[in-house]
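Below are the chains, spelled out letter by letter.
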Amino acid sequence: MRKFGMYAKFTSKPGDREALAAILLEAAAAAETVKECELYIVNLSESEPDVLWVTEVWSNAEAHSASLKDEATRATIQRAMPLIAGVEPIPLVPLGGKGLAFRAMDT
C-alpha cells in the first residue's frame, strides 16, 4: 500500500492565525500517538499573514480518512472551524526523502 501525503493551506480569518496555529499544534501533538501518522508539521507562511500550511504523511489514504472520523479529531475540527476562512487541500503521493522511511513495497 502506498503512503498518502497532503499539504493543506489554511487561511484564517483576519487576526485568528495564532489561535488557529495553537489548535493545529494540538492536533500535531495528538497525532504523536497515531502510528499511521508519520508526519504532521504546522508551518506559518512568511508572505501571507493569515495563512498556515500543514504537511502530513500517513501510512495510507485509508488511515488519513479514518483519522477524520475519530471523535477527538472531530471535536478539534469543530473548535477550529470558526477561525478558518478557507482550506485548500493538496493530496500527494510521497515517494521518499530525508525523514521518511520507505520500504520497496510502499511505492
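Predicted model, so just to flag it, every value in this text is computed and none were measured.

> Please set out the overall build of the protein chain residue by residue, giving values where relevant.
When you go through the protein chain residue by residue, the secondary structure sums to three helices and four strands. Counting from the amino terminus, helix and strand elements in the protein chain follow one another as β-α-β-β-α-α-β. Computed over C-alpha atoms, the radius of gyration of the protein chain comes to 14 Å, within 12% of the 13 Å expected from 2.2 N^0.38 for 107 residues, which places it in the range of a compact globule. Each of the three principal axes of the protein chain carries a C-alpha extent, and together these read 45 × 35 × 20 Å. Within the span of the protein chain, comprising 107 residues, buried residues form 32% of the whole. Considering only intrachain contacts with a sequence separation of at least 6, the fraction spanning at least 24 residues in the protein chain is 70%.

> Go over the pattern of salt bridges with me, naming the residues and quoting the values.
A complete count under the given rule lists four salt bridges for this structure. Two residues, Arg17 and Glu18, come together in a salt bridge whose shortest N-O distance is 3.9 Å. By relative accessible area, which is 13% here, Arg17 ends up buried. The exposed category is assigned to Glu18, whose relative accessible area is 52%.

> Please set out the side chain of Lys9 residue by residue, giving values where relevant.
Tracing the backbone shows Lys9 in strand β1 (residues 4–12). A relative accessible area of 17% places Lys9 in the buried class. Polar contacts involving the side chain of Lys9 include one to the side chain of Glu48, which spans 3.3 Å. In contact with Lys9, not counting residues within four places along its chain, are Glu48, Val51, Leu52, Trp53, Gly86, Val87 and Glu88.

> So, the packing of helix α1 (residues 17–31) against helix α3 (residues 71–80): which residues are in play, and what are the values?
One way to put it is that α1 packs onto α3 with a least axis distance of 10 Å and a crossing angle of 170°. Judged by the inter-axis angle, α1 sits roughly antiparallel to α3. When α1 is examined against α3, the residues Leu20, Ile23, Glu26 and Ala27 are found in contact with a partner set consisting of Thr76, Arg79 and Ala80. A class-by-class count of the residues in the contact of α1 with α3 yields four nonpolar, one polar and two charged.

> Help me get a handle on the sheet that holds strand β2 (residues 37–44), residues and values and all.
The antiparallel open sheet is built from four strands, whose spatial order is β2-β3-β1-β4. Both outer strands of the open sheet, β2 and β4 (84–92), are each paired with one neighbouring strand and no more. In this sheet, adjacent strand axes meet at a mean angle of 15° when their direction is disregarded. Pairing geometry for β1 and strand β3 (residues 51–58), over eight bridges, is antiparallel.

About the cut-offs
- Residues numbered from 1 in each chain as written.
- Predicted model: local features only at pLDDT ≥ 70, side-chain atom pairs only at ≥ 80, totals over all residues.
- Heavy atoms only, no water.
- Helix = DSSP H or I, 4+ residues; strand = E, 2+ residues; numbered from the N terminus.
- Rg over C-alpha atoms; globule rule 2.2 N^0.38 Å.
- Buried < 20%, exposed > 50% of the residue type's maximum accessible area, 1.4 Å probe, protein only.
- Contact = heavy atoms within 4.5 Å.
- Salt bridge = Lys/Arg side-chain N within 4 Å of Asp/Glu carboxyl O.
- Polar contact = N/O pair within 3.5 Å; in protein donor to acceptor, adjacent residues only side chain to side chain.
- Axes fitted to C-alpha atoms, helices over the stretch in contact; angles between N-to-C directions.
- Parallel < 35°, antiparallel > 145°, perpendicular 65-115°, else oblique.
- Nonpolar A, V, L, I, M, F, W, Y, C, P; charged D, E, K, R; others polar.
- Pairing = 2+ DSSP bridges.

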